[in-house]
Amino acid sequence: MRNKPVKPQLTYYDIAEGVTAFSSTRHGGYSQGNHGEFNVNLYCSDDPEDIAENRKALCRMLKIPVDRLFMPHQVHQTGIVQIGKTFLRLSDEVRRDVLEGIDALMTNLPGVCIGVSTADCIPIILYDPEHHAASVIHSGWRGTVANIAGVAVTSMQVAYHSRPEALKAVIGPGISLEHFEVGDEVYEQFAAAGYPMAQIARRYAKWHIDLWACCRLQLQDMGLKAENIQTSGVCTYAHSDDYFSARRLGIDSGRILTAVLLH
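Residues numbered from 1 in each chain as written. Predicted model: local features only at pLDDT ≥ 70, side-chain atom pairs only at ≥ 80, totals over all residues. Heavy atoms only, no water.

Undergrad: Give a description of the overall build of the protein chain that names residues and reports values.
TA: When its secondary structure is counted, the protein chain shows nine helices and 14 strands. Expected size for 263 residues packed as a compact globule is a radius of gyration near 18 Å; at 18 Å, the protein chain falls within 12% of this value. Dimensions along the principal axes, computed over C-alpha positions, put the protein chain at roughly 50 × 45 × 30 Å. Residues classed as buried in the protein chain amount to 53% of the 263 residues present. For the protein chain, the accessible area works out to roughly 11500 Å², and carbon and sulfur atoms hold 48% of it. Where the 24 positive side-chain charges of the protein chain centre and where its 29 negative ones centre are 4 Å apart. (Helix = DSSP H or I, 4+ residues; strand = E, 2+ residues; numbered from the N terminus. Rg over C-alpha atoms; globule rule 2.2 N^0.38 Å. Buried < 20%, exposed > 50% of the residue type's maximum accessible area, 1.4 Å probe, protein only. Areas by Shrake-Rupley, 256 points an atom, 1.4 Å probe, with all protein chains shown as cover. Lys, Arg positive; Asp, Glu negative; His and termini not counted. Charge placed at Lys NZ, Arg CZ, Asp CG, Glu CD.)

Undergrad: An account of the pattern of salt bridges is needed here, citing residue identities and associated values.
TA: This model, assessed by the stated rule, comprises six salt bridges. Its salt-bridge partner being Glu53, residue Lys56 comes within 3.4 Å of it at the nearest N-O pair. With a gap of three residues between them, Lys56 and Glu53 both fall in helix H1 (residues 48–62), about one helical turn apart. Here Arg203 and Asp184 are joined by a salt bridge, their closest N and O atoms 3.3 Å apart. (Salt bridge = Lys/Arg side-chain N within 4 Å of Asp/Glu carboxyl O.)

Undergrad: Can you break down unusual backbone geometry residue by residue, with the values?
TA: With an omega of -5°, the peptide bond between Gly36 and Glu37 qualifies as cis. Its location among the elements puts Glu37 in the loop between strand S2 (19–24) and H1. For Asp120, which is not glycine, the phi torsion reads 130° and is therefore positive. Tracing the backbone through its elements, the reader meets Asp120 in the loop between strand S6 (113–118) and strand S7 (122–128).

Undergrad: How would you explain the side chain of Asn41 if you had to name every residue and give the values?
TA: With respect to the element layout, Asn41 can be found in the loop between S2 and H1. Judged by its relative accessible area of 9%, Asn41 falls in the buried class. Within the local environment of Asn41, its side chain forms a polar contact with the side chain of Ser117, the two groups lying 2.9 Å apart. (Polar contact = N/O pair within 3.5 Å; in protein donor to acceptor, adjacent residues only side chain to side chain.)

Undergrad: Outline the side chain of Thr118, listing residues and values.
TA: When you line up the elements, Thr118 lands in strand S6. Using a relative accessible area of 2% as the deciding quantity, one classes Thr118 as buried. Setting aside residues up to four positions removed in sequence, Thr118 forms contacts with Pro123, His138, Pro173, Arg255 and Ile256. (Contact = heavy atoms within 4.5 Å.)

Undergrad: Before we move on, can you summarise the packing of aromatic side chains with the specific residues and values?
TA: Across all of its chains, the model carries five aromatic pairs by this definition. Taken together, a centroid distance of 5.4 Å and an interplanar angle of 50° make the contact between Phe190 and Tyr195 tilted. Of the aromatic side chains, those joined through ring pairs into one cluster are Trp141, Phe190 and Tyr195. The side chain of Arg248 reaches across the aromatic face of Tyr237, ending 4.6 Å from its centre. (Phe/Tyr/Trp six-rings, centres within 6.5 Å; stacked < 30°, edge-to-face > 60°. Lys NZ or Arg CZ within 6 Å of the ring centre and 35° of its normal.)

Undergrad: I'd like to hear about the sheet that holds strand S4 (residues 80–83), residue by residue, with values.
TA: Within a sheet, neighbouring strands are paired by backbone hydrogen bonds and run either parallel or antiparallel to one another. Read across the sheet, six strands follow the order S4-S5-S8-S7-S9-S13 without closing on themselves; strand pairing throughout is mixed. Every interior strand has two partners, whereas the edge strands, S4 and strand S13 (229–231), have only one. When strand polarity is set aside, the average angle formed by the axes of neighbouring strands in this sheet is 15°. By the bridge criterion, four bridges tie strand S5 (residues 104–107) to strand S8 (residues 133–139) in an arrangement that is antiparallel. Residue pairing for S8: Met106 is matched across the bridge by Ser135. Sheet strands in contact with helix H5 (residues 148–160) are S4, S5, S7 and S8, and its direction is about 160° off that of S8. (Pairing = 2+ DSSP bridges. Axes fitted to C-alpha atoms, helices over the stretch in contact; angles between N-to-C directions.)

Undergrad: Help me get a handle on the sheet that holds strand S1 (residues 10–13), residues and values and all.
TA: The mixed open sheet is built from five strands, whose spatial order is S1-S2-S14-S6-S3. Where the open sheet ends on each side, the last strands, each with one partner, are S1 and strand S3 (69–70). Pairing of S2 with strand S14 (residues 256–262), which is carried by five bridges, proceeds in the antiparallel orientation. Across the sheet, residue Val19 finds its bridge partner in S14, namely Leu262.

Here is the structure:
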């Protein structure tokens, strides 16, 4: 059925003129089963041909070549890569090597779409309106404990001279406190990292952690203004019909793409 026309259904974020920012939904693609319908992640056991067709459909919507869509192979750490002119001159093979083991991207190039994959973890978009630069971040619980959001803000300061107080942020769809049950060892890692546990954790049968609140606190600690931080408030676990959730669907399921394209 790959010859049928599809149109990926995206959730857009209003950040600024000249910026297209979005998270994908499960709808409007070629993938099947737990990967259905729209998945562009290469590392979750989906059919490579379906992935390729979904990527083509997305890039047609964005009006960019397929080779201007960049996503890293994420490993729940804090590595970040700048997608600049030097990167674009690399061969496809070297690009893949550079993006291996990376959990955040940043760019100031127009016509380049950078994105991260999630399915309960928290995606974050940062945009610098003063220097027309952006970053996308994959912040799972391990990355959150390691403050990958803070690493990205610092990296943008170094690369683009971004001022944190001028940055705008979107915290995208992810698992909510209600559904993010964790063991005591995970709770202890957040506590050891200095989080105000009374604000970000709640005890039911087990501990639950509010990753949205964690990411918001990290961004504010880095100097972002509260009014410049949007939170989507969409729980992937509760809305797994529309967004992929690894806890609900299993790890062999599709992934949400949260991305930003500068014009």
